[in-house]
Amino acid sequence: MSNAESIICFCIVLISSAPMIILGIIQYNSKKPVGFWAGKEPPGEEQVSDIRAYNHRHGIMWLLYGAGLILCFIPGFFFGENWGIALAVLVTAEISVGLIGMIYYHNYLDRKYLKEGTQK
């Protein structure tokens, strides 16, 4: 890959990661309980035992997911002319495995922080 192609790819990765990082910052700083699933209402304040810890952990989860996509870009430089293929494999792995991990972690946070009888 040429330098111009590398820069364009990196810009695409940054643009793709930005919403996840922004969501992580917003969730980390939120005063009300945050949600994970699109279209599903987040838990009410009375349902969460420690709103600050619940939100911080959700926010960090999204920050790490977005940062993971950016970090996938770096090892690709060591693959020489197969750089684009390496990046595609790493990003696909980050998206699929990372998303599955996030689902399990969100469910763990729900079990840990949602009060008994209010878990969804």
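What counts as what
- Residues numbered from 1 in each chain as written.
- Predicted model: local features only at pLDDT ≥ 70, side-chain atom pairs only at ≥ 80, totals over all residues.
- Heavy atoms only, no water.
- Helix = DSSP H or I, 4+ residues; strand = E, 2+ residues; numbered from the N terminus.
- Rg over C-alpha atoms; globule rule 2.2 N^0.38 Å.
- Buried < 20%, exposed > 50% of the residue type's maximum accessible area, 1.4 Å probe, protein only.
- Contact = heavy atoms within 4.5 Å.
- Areas by Shrake-Rupley, 256 points an atom, 1.4 Å probe, with all protein chains shown as cover.
- Lys, Arg positive; Asp, Glu negative; His and termini not counted.
- Charge placed at Lys NZ, Arg CZ, Asp CG, Glu CD.
- Axes fitted to C-alpha atoms, helices over the stretch in contact; angles between N-to-C directions.
- Parallel < 35°, antiparallel > 145°, perpendicular 65-115°, else oblique.
- Nonpolar A, V, L, I, M, F, W, Y, C, P; charged D, E, K, R; others polar.
- Core = buried A, V, L, I, M, F, W, Y, C linked by side-chain atoms within 4.5 Å.
- Patch = residues over 30% accessible without salt bridge, like charges linked within 9 Å, V, L, I, M, F, W, Y side chains within 5 Å.
- Salt bridge = Lys/Arg side-chain N within 4 Å of Asp/Glu carboxyl O.
- Expected span 1.5 Å × (residues − 1).

Novice: Where do I start with the overall build of the protein chain in this structure?
Specialist: What the protein chain contains, in helices and strands, is 3 helices and 0 strands. Secondary structure elements of the protein chain, listed N to C terminal, follow the sequence α-α-α. By the compact-globule yardstick of 14 Å for 120 residues, the protein chain is too spread out, its C-alpha radius of gyration being 17 Å. Here the C-alpha coordinates of the protein chain stretch approximately 55 × 20 × 20 Å along the principal axes. Looking at the protein chain as a whole, 36% of its 120 residues qualify as buried. Contacts in the protein chain between residues far apart in sequence, at least 24 positions, make up 69% of those at least 6 positions apart. Just so you have it, the protein chain exposes about 7,500 Å², and 67% of that area is on carbon and sulfur atoms. Side chains of the protein chain carry 9 positive and 9 negative charges; the gap between the two charge centres is 11 Å.

Novice: How do you make sense of the packing of helix α2 (residues 51–73) against helix α3 (residues 83–113) when you look at a structure like this?
Specialist: Two quantities define a packed helix pair, namely the angle between the helix axes and the distance between the axes. For the pair α2 and α3, the least separation of the axes is 8 Å and the interaxial angle reads 170°. Considered as vectors, α2 and α3 are oriented roughly antiparallel to each other. A class-by-class count of the residues in the contact of α2 with α3 yields 19 nonpolar, 4 polar and 4 charged.

Novice: Would you explain the nonpolar core in this entry?
Specialist: Generally speaking, soluble globular proteins have nonpolar side chains that are buried together. Among the nonpolar cores identified, the biggest contains 15 residues, and Trp62, Phe73, Leu87 and Met102 are the most heavily contacted of them. Of all the secondary structure elements, the ones that give two or more residues to this core are α1 (3–29), α2 and α3. With 7 residues, the top contributor of residues to this core is α2. Non-local contacts of Phe73, meaning those with residues more than four positions away in its chain, are made with Ser6, Cys9, Phe10, Val13, Trp83 and Leu87. Listed in part, the 8 residues of the second largest apolar core include Val34, Ala53, Leu109 and Leu114.

Novice: Just checking my understanding: could you explain a nonpolar patch on the surface for this structure?
Specialist: Nonpolar side chains collect at one region of the surface, where Leu71, Ile74, Phe78 and Phe79 lie side by side and expose about 470 Å² of accessible area between them. Mapped onto the fold, Leu71 is located in helix α2. Residue classification places Leu71 among the exposed positions, given a relative accessible area of 52%.

Novice: Would you mind showing me how to read α3 here?
Specialist: Given 3.6 residues per turn, any residue in an α-helix points the same way as the ones three and four places further on. Over its 31 residues, α3 extends 42 Å from the first C-alpha to the last, a length consistent with the 45 Å expected when each residue adds 1.5 Å. Looking at α3, one finds that the buried residues are Trp83, Ala86, Leu87, Val91, Glu94, Gly98, Met102, His106, Leu109, Asp110 and Tyr113. Contacts made by the buried residues of α3 are with α1 and α2.

Novice: It is not clear to me how the environment of Ile15 should be interpreted in this structure. Could you clarify?
Specialist: The residue Ile15 is located in helix α1 in this model. Sequence separation between Ile15 and Ile70 is 55 residues; the distance between their C-alpha atoms is 9.8 Å.

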